[in-house]
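Here is how the chains run, residue by residue.
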Amino acid sequence: MTTRRIVTELHQAPAQVPGEPVIDTSPQTGDSVKTTTCYMCACRCGIKVHMKDGRVRYIEGNRDHPVNKGVLCAKGSAGIMTQYSPARLQKPLMRVGERGKGEFREIEWEEALRTATMWLSEVRATDPRKLAFFTGRDQSQALTGWWAAQFGTPNYAAHGGFCSVNMAAAGLYTIGGSFWEFGEPDWARTRYLMMFGVAEDHDSNPIKLGLGQLKGRPADNRAKFVSINPVRTGYSAIADEWIGLRPGTDGLFVLSLIHELLKADKIDLDFLVRYTNAPWLVIDAPGTADNGLFARDEAGEPLCFGTIRNACVSALKPDVAPQLIGEVTLPDGRKARSVFELMVKRYLDPKYAPEAVAPEIGIEAETIKRIAAELAHAAFEQTIEIMADWTDWAGRKHDRFIGRPVSMHAMRGISAHSNGFDTCRAIHVLQMLLGSIDCPGGFRYKPPFPRLIPMPQLPTDATGPLQPLKGPPLGFPLGPEHLLVDDAGKPKRIDKAFSWDAPLSAHGLMHMVIHNAWAQDPYPIDTLFMYMANMAWNSTMNTSGTMQKLADKDPATGEYKIPHIIYADAYYSEMVAYADLIFPDTTYLERWDCISLLDRPICDADGAADAIRQPVIQPDRDVRAFQDVLLDLGARLGLTALCKEDGTPKFPGGLKDYLVNHQRRPGVGMLAGFRGNGDQSGKGDPNPDQLQRYIENGCHWRTEIPDNAKFFRHANADYFDWAIALGLKDLRDQIVLQIYSEPLQKFRLAGEGFGAKPAPEAVRGRLKERFDPLPDWHPPFGEEVDQTQYPIHAITQRPMHMYHSWGSQNAWLRQIQSRNALFINRETGARLGLSDGDWVWIESPHGRVKAPVQLMEGVNKDTVWTWNAIGKRKGAWNLADDAPESKQGFLLNHVISELLPPREDGYRYANADPVTGQAAWYDLRVRLVKCAAEECGETAPSFPALKPPLKRPLDLLQYGRKFRRDRRRS
């Protein structure tokens, strides 16, 4: 229960000094306080919003909230200025001019909903695939994905395909979980933390809390923090050691560490045998359809060679003593070798030796060797034991948890490369070799993870007019047979997800939707429906090309190539000008919402949690929460799951009604807390008082995992029982960690022409090269350009004080940063004849951008970088005409292409990871050309100013003056 805390109860105020003015150190900040959940980034911290006279007066962190425990960053505190942003849309809008001109008329909600229903009804009655429904950073994907399935379109995804699908998919196919929202370091116990490519905006408050805990330990319990990132900002700046390697080479660095550990025999063999597929036998029959697949018995269970029975036995049976090295003859006479042997043979190859990889990654071989030795020391010389009775999946009793206190964390700096999937897998293999998965001091899962590997959820295709999908639109293919392609190999989704182009694209390819819809490849669509996805600016590669495609017309008919565009947002972003119909959304302080265990949870390693948002202020505009609009549209369209038997809406109260009463399966709904009579958690009947119970508890719920269930949750029967009772898990089966991935080998075999669905000839080479069942390293696709012409890597970093592009319209956050420079290593700058304040053209094979230069030491010598999404188009976000974001801010997006160079037959793949379709933002190579004097002073490219249908902004920096004036009067 949230309780009021008064700090002054513990400290006596100092005596008043005669003659000095009396200062009220605890002024009354408002006349009411409400709790809710922040939405200024994806941390989803708990906040208390102080209100005065119906307006937001102050936002503070909620000390009782499980995510932030009272900590609140600049973004969260500045939520006031997001609430009162001059960019807030005021009413529904209908386009009256040409797309891109920003000419609209205001309409009423009934006309807006009737128009959308008319467009969507025709699509659903003819071909539901012709609706492409894609959402941005909305955090309500459990609802939006479910809605798409009810409509019947497979063409749904959220922003993950251009943000973190490499990281998520690699983890889910390898260890049944992943970094970021799915797992975290054991901050309290780890002795060695490695952080790969983590910028300051991701998971910012939990990481800050964790690093503060790490740094604040006593001398006898110190932990080393190593940050691997080409740029030394934020977290890297406080690391004990910064490894500033070249972009895209992290995977090679990790595999070299593995090489050193194997060579020194510093691995946890017991962990590998007990918890991974290291003992499983792999068929060695080159040129056959089974080569590289697991040898299995008649029941389909994988085999290992048991030394006790001296025969092949099921590898899933407990207490098997497997042979790990040596050729095995299978019962049918074929040969096989263990995963362990294949792994050792692969990574002991001299090409992974530190001396071989050091020139490629840009750090010294001795550094690699030292880091490997430090990892081994932390894992095997600083072992942790926690005494606790627990039972494993096989019924074996244990009296302690043994921990290898090495932990790892990774994010977008890894995933935004075309080789990021294998890099993420390599990091997980390194963790498995050290035995540091879900143990004391290591990487730890957050509920509802770990999941089965891979998750038993397949992507689903459309079934026909007026029919819902038979499953979710997104999923996890196990092999080519689960791809969404027709008999000719042509993709069935507009973004080409789950096709031969990107087979394991678990989050879709949002960055390719507009290009493919414009090109009518693989088919034309009728309606593009997007929510909070600024695809006309910083959320797309090839920004100028995307704007042109959104406005392009068919010369034969004069009609737009994308006939209808519906867009929902709370603010006048660059994307609004290119839509036909605008649904104005509420702010996060004006609506009901939830952070669900079915979606993107806020759990921690020790407990399961979820939260709600409640309206703390009423809108002063004619706007509606997008989730309410979506449920209303679903009922108007007659979607079966959204209507009662008499055809009336099933959730007439909108999202508030849906949160309480919707059930995915009996007893399991969007919220896990206070179910039934309010005393049930996880599973239970809908509780009409559930939201009120959340409000009384500070708008969150959390339950602690029992002590005997907190570790080794991939194989802990006590955890299984707890998770099953809570509705997080269905089976009591062990989750075997996958060093070797059979689904990837199945795709490789398809590339060799084998299987029920062999690959088309044109893609076979790509499948054979990139679908390796053991993680390998390949140079990013961006390295294929002429490196003499484009010798420099270019990447972006996310600033801690802004998240994506959200913060750059905020009056307070804009004072922290309203312009950006291109940061260059000081030595590199001197070599190029550049000084602070010079201007350069940043040129790629795709285009060029103009920006000012700033020199620094903390960046890899072969790399330049800038802050992400500071630059804005003139007029967007209702910024003033002289806003520095439009003249002194710039985007690297303008020099990134969404397509790779053409193949020999002319076909062009997406500029993305070939396995998951993750947008390869960080594969970029550029050259720098110093600007002439007359070219300096304003960034480029520049586009005509937008004319938002909004009042010109007031001086928001004066916000709060009325409160001070009223206080003086009182």
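Residues numbered from 1 in each chain as written. Predicted model: local features only at pLDDT ≥ 70, side-chain atom pairs only at ≥ 80, totals over all residues. Heavy atoms only, no water.

1. Some thoughts on the confidence of the model for the protein chain
Okay, step 1: Of the residues in the protein chain, 96% have a pLDDT of 70 or more, and the chain-wide mean is 93.
Okay, step 2: Within the model, the stretch residues 1–10 combines pLDDT values under 50 with 15 contacts to residues more than four positions away or in other chains. (pLDDT = per-residue confidence, 0-100. Contact = heavy atoms within 4.5 Å.)

2. Observations regarding the packing of aromatic side chains
Okay, step 1: Scanning the model with the defined rule gives 35 aromatic pairs in all.
Okay, step 2: Measuring from ring centre to ring centre gives 5.8 Å for Tyr-347 and Tyr-352, while their planes differ by 70°; the resulting arrangement is edge-to-face. Accessibility classification places Tyr-347 together with Tyr-352 in one group, the buried group.
Okay, step 3: With 6.3 Å between their ring centres and 70° between their planes, Phe-529 and Phe-583 make a pair best called edge-to-face. (Phe/Tyr/Trp six-rings, centres within 6.5 Å; stacked < 30°, edge-to-face > 60°. Buried < 20%, exposed > 50% of the residue type's maximum accessible area, 1.4 Å probe, protein only.)

3. Digging into the sheet that holds strand β2 (residues 46–52)
Okay, step 1: Across the sheet, which stays open at both edges, the three strands sit in the order β1-β2-β3 with antiparallel pairing between neighbours. Of all strands in the sheet, those with a lone pairing partner are β1 (32–37) and β3 (55–61), marking the two edges. On average, each strand axis in the sheet is inclined to that of its neighbour by 30°, with strand direction left out of account.
Okay, step 2: Direction of pairing for β2 relative to β3: antiparallel, over a ladder of six bridges. Among the inter-strand pairings, His-50 is bridged to a residue of β3, identified as Tyr-58. (Pairing = 2+ DSSP bridges. Helix = DSSP H or I, 4+ residues; strand = E, 2+ residues; numbered from the N terminus. Axes fitted to C-alpha atoms, helices over the stretch in contact; angles between N-to-C directions.)

4. Observations regarding the side chain of Thr-586
Okay, step 1: Considering the arrangement of structural elements, one finds Thr-586 in the loop between β23 (581–584) and β24 (593–595).
Okay, step 2: Residue class for Thr-586 comes out buried when judged on its relative accessible area of 4%.
Okay, step 3: The residues contacting Thr-586, other than those within four sequence positions of it, are Ala-570, Arg-591, Pro-619, Arg-621, Val-623, Arg-624 and Ala-625.

5. Details of the environment of Ile-267
Okay, step 1: Inspection of the secondary structure assignment puts Ile-267 in the loop between α8 (250–263) and α9 (269–275).
Okay, step 2: Sequence separation between Ile-267 and Arg-624 is 357 residues; the distance between their C-alpha atoms is 56 Å.
Okay, step 3: Apart from residues lying up to four places away in sequence, Ile-267 is in contact with Leu-261, Leu-262, Leu-272, Phe-340, Phe-380 and Leu-433.

6. Points about helix α17 (residues 626–636)
Okay, step 1: Where burial is concerned, most of α17 is hidden: eight out of the 11 residues are buried.
Okay, step 2: Among the residues making up α17, those that are buried are Phe-626, Gln-627, Val-629, Leu-630, Leu-631, Leu-633, Gly-634 and Ala-635.
Okay, step 3: Where α17 ends, the next residue or the one after it, Gly-638, has phi of about 75°, a positive value.

7. Quick word on the sheet that holds strand β4 (residues 93–95)
Okay, step 1: Taken together, the seven strands give an open sheet; going across it, the order is β5-β4-β23-β22-β21-β6-β7, and neighbouring strands pair in mixed fashion. Bordering the open sheet on either side are β5 (104–106) and β7 (156–157), each of which pairs with just one other strand.
Okay, step 2: Bridge count between strand β6 (residues 131–135) and β7: two bridges; the pairing is parallel. When the bridges of β7 are listed, Phe-133 appears paired with Tyr-156.
Okay, step 3: The strands touched by α17 within the sheet are β6, β21 (527–531), β22 (564–569) and β23, with β21 carrying the most contacts at an inclination of about 145°.

8. A short note on the environment of Phe-890
Okay, step 1: Within the fold, Phe-890 resides in the loop between α25 (884–887) and β34 (925–930).
Okay, step 2: On the basis of relative accessibility, which here comes to 3%, the residue Phe-890 falls in the buried class.
Okay, step 3: Discounting chain neighbours no more than four positions away, the residues touching Phe-890 are Asn-820, Ala-821, Leu-822, Ile-842, Val-849, Lys-850, Ala-851, Thr-866, Gly-871 and Thr-939.

9. Here we look at the packing of α8 against helix α11 (residues 354–361)
Okay, step 1: In contact at an axis separation of 10 Å, α8 and α11 are set at 165° when each is read in the N-to-C sense. Regarding the angle of α8 to α11, the classification is roughly antiparallel. For the pair α8 and α11, the crossing hand works out as left-handed. Counting all contacts with α8, which are made through Leu-252, Phe-253, Ser-256, His-259 and Glu-260, the residues of α11 involved are Pro-354, Val-357, Glu-360 and Ile-361.
Okay, step 2: Of the residues assigned to the contact of α8 with α11, the class counts are five nonpolar, two polar and two charged. (Parallel < 35°, antiparallel > 145°, perpendicular 65-115°, else oblique. Left-handed = near helix turned anticlockwise from the far one by under 90°. Nonpolar A, V, L, I, M, F, W, Y, C, P; charged D, E, K, R; others polar.)

10. Focus: the pattern of salt bridges
Okay, step 1: Using the criterion set out here, one finds 66 salt bridges in the structure.
Okay, step 2: Residue Arg-105 is joined to Glu-111 by a salt bridge in which the shortest nitrogen-to-oxygen separation is 2.6 Å.
Okay, step 3: Its relative accessible area of 37% is what places Arg-105 among the partly exposed residues.
Okay, step 4: By relative accessible area, which is 22% here, Glu-111 ends up partly exposed.
Okay, step 5: One connected set of salt bridges, linked through shared partners, spans Asp-270, Arg-274, Asp-319, Asp-392 and Arg-396. (Salt bridge = Lys/Arg side-chain N within 4 Å of Asp/Glu carboxyl O.)

11. With respect to the state of the cysteines
Okay, step 1: Counted under the stated rule, the structure contains zero disulfides.
Okay, step 2: Not engaged in a disulfide, the cysteine Cys-163 finds its nearest cysteine sulfur in Cys-424; these two sulfurs lie 12 Å apart.
Okay, step 3: In this structure Cys-163 comes out as buried when scored by relative accessible area, which is 1%. (Disulfide = S-S within 2.5 Å.)

12. Re α11
Okay, step 1: All of the buried residues along α11 are Pro-354, Val-357, Ala-358 and Ile-361. The arc that holds every buried residue of α11, seen down its axis, measures 120°, which confines them to one face.
Okay, step 2: Considering only its buried residues, α11 is in contact with α8 and α12 (365–381).
Okay, step 3: At the exit of α11 stands Gly-362, carrying a positive phi of roughly 85°. (Arc of directions from axis to C-beta.)

13. A look at unusual backbone geometry
Okay, step 1: Ile-453 connects to Pro-454 through a cis peptide bond whose omega is -20°.
Okay, step 2: Residues Ala-940 and Pro-941 are joined by a peptide bond in cis, for which omega reads 5°.
Okay, step 3: With respect to the helices and strands, the residue Pro-941 is situated in the loop between β34 and α26 (961–969).
Okay, step 4: A positive phi angle is found at Asp-53, which is not glycine, with a value near 55°.
Okay, step 5: For Asp-53, the position within the fold is in the loop between β2 and β3.
Okay, step 6: Its identity is not glycine, yet Phe-712 carries a phi of approximately 50°, on the positive side.
Okay, step 7: Examined against the element boundaries, Phe-712 turns out to sit in the loop between β28 (700–704) and α20 (717–726).
Okay, step 8: On the basis of relative accessibility, which here comes to 5%, the residue Phe-712 falls in the buried class.

14. Structural notes on the pairing of strand β33 (residues 863–867)
Okay, step 1: Of all five residues making up β33, five are buried, and the element is well covered by its neighbours.
Okay, step 2: Neither face of β33 is left uncovered, since the one carrying Thr-863, Trp-865 and Trp-867 and the one carrying Val-864 and Thr-866 both have all their residues buried.
Okay, step 3: Strand direction decides the pairing type here: strand β29 (residues 792–797) and β33, joined by five bridges, are parallel. Across the sheet, residue His-793 finds its bridge partner in β33, namely Thr-863.
Okay, step 4: Pairing analysis gives two bridges linking strand β30 (residues 822–825) to β33, with the strands arranged antiparallel. Across the sheet, residue Ile-824 finds its bridge partner in β33, namely Val-864.

15. Let's talk about the packing of helix α5 (residues 165–174) against helix α14 (residues 420–434)
Okay, step 1: Interhelical geometry of α5 versus α14 gives an angle of 45° and a closest axis separation of 8 Å. What the angle tells us is that α5 and α14 run oblique. Like other packed secondary-structure pairs, α5 and α14 cross with a definite hand, here right-handed. For the pair α5 and α14, contact is made by Asn-166, Met-167, Ala-169, Ala-170, Gly-171 and Thr-174 and by Gly-420, Phe-421, Cys-424, Arg-425, His-428 and Met-432, respectively.
Okay, step 2: Residue classes in the contact of α5 with α14 are distributed as six nonpolar, five polar and one charged.

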